[in-house]
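# Fold and contact review
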Amino acid sequence: MSEPLRIGIVGAGYSRRHIEAYHSLPGLFEVRAICDVDLARAQALAEETATSVACASLEGLLKLADVDVVDIVTPSHTHFPLAMQALAGGKHVILEKPAGASLRQVDELIAAEKASGRRLMPIFQYRFWNGLQKLKHLAALNLTGQAYLSTVETSWRRRDAYYAGRWHGKWATELGGPAISLAIHAHDVLYYVLGPARSVFARAKTLVNPIETEDTIAAALEMADGSLATLAVTTGSSHEISRHRFCFSNLSAESNNAPYTSMGNPWIFTGDSPELQAQIDAALL
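Residues numbered from 1 in each chain as written. Predicted model: local features only at pLDDT ≥ 70, side-chain atom pairs only at ≥ 80, totals over all residues. Heavy atoms only, no water.

### Quick notes on the packing of helix α4 (residues 79-88) against helix α5 (residues 103-116)
Packed helix pairs are specified by the crossing angle of their axes together with the interaxial distance, meaning the distance between the axes. Where α4 contacts α5, the axes come no closer than 9 Å and their chain directions differ by 10°. If you check the angle between α4 and α5, you find them roughly parallel. Like other packed secondary-structure pairs, α4 and α5 cross with a definite hand, here left-handed. Judged by residue contacts, Phe 80, Ala 83, Met 84 and Leu 87 of α4 engage Gln 105, Glu 108, Leu 109, Ala 112, Glu 113 and Ser 116 from α5. (Axes fitted to C-alpha atoms, helices over the stretch in contact; angles between N-to-C directions. Helix = DSSP H or I, 4+ residues; strand = E, 2+ residues; numbered from the N terminus. Parallel < 35°, antiparallel > 145°, perpendicular 65-115°, else oblique. Left-handed = near helix turned anticlockwise from the far one by under 90°. Contact = heavy atoms within 4.5 Å.)

### Structural notes on the nonpolar core
Membership of the largest hydrophobic core comes to 31 residues, with the highest contact counts inside it found for Leu 135, Leu 190, Val 193, Phe 246, Phe 248 and Trp 267. Among the elements of the structure, α6 (130-140), β7 (147-157), α7 (160-163), α10 (184-194), β9 (216-223), β10 (228-234), β11 (236-248) and β12 (251-254) are those that each provide at least two residues to this core. Looking at which element gives the most residues to this core, the answer is α10, with six residues. Counting residues in each nonpolar core, the second largest holds 21 residues, with Ala 33, Cys 55, Phe 80 and Leu 82 among its members. (Core = buried A, V, L, I, M, F, W, Y, C linked by side-chain atoms within 4.5 Å. Buried < 20%, exposed > 50% of the residue type's maximum accessible area, 1.4 Å probe, protein only.)

### Observations regarding α6
When we look at burial in α6, the residues that qualify are Gly 131, Leu 132, Leu 135 and Leu 138. The buried residues of α6 occupy an angular sector of 115° when the element is viewed end-on, so they sit on one face. In this structure, the buried side of α6 is in contact with α10, β11, β12, β13 (268-271) and α11 (274-283). Looking one or two residues beyond α6, the residue adopting positive phi is Asn 142, at roughly 60°. (Arc of directions from axis to C-beta.)

Below is the structure:
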């Protein structure tokens, strides 16, 4: 068995769940260091999670020879420069979304990864949930058929307290509204299943909270495979749901509606005939 990857965390705010996940897989990962510009916060989290090293800068973290992977869990506007610095420092990088503020920055990250000989791993964890993987399995068996229409809903609730005194809701620091910071995972699922979009038309408005960015979006897409799709996003839904629905020529596939775990079971797969249903059921045994 290979040695576990040794992790250095950047950002002591939202990283707790990352650390819990690493600790749940002790044969694969070890958290060796936590870095934050607020050293006291890094030290407190390091002590709480039995992590041996706390430091106040990425420079200090990159000097640690026993760190293989830098996990960047910081505000959106810092992702690109920190990832570029970590790759230049010879570390693999796990990067929270969004990876950058523009396609140009994403292209620069791809080039930096190639030059470094290391791996850059943006986080799109929805891809690995078992409900979605069932749809991917059916597609791999050519049981889905032609795509017709896909709908993606991200209807969550964010109140004033979520934005007060923080980096959320500001163009300079969040880099966009919920399409880039909240619904980005749900939208990635669409591309993961069907491939890229050919064209996009969208309406975006700020309706829910007094913030700089949009918080409500309705978008219509033509996918490269010729099918159509819609994306609906709001932070003003009192009842939170996430939902994906795919209509193919051979079946329809619908996720559950749990707002943050909709990619897990149960999903509903409905064949267009009893014969197709029997094939779907057999494939998912």
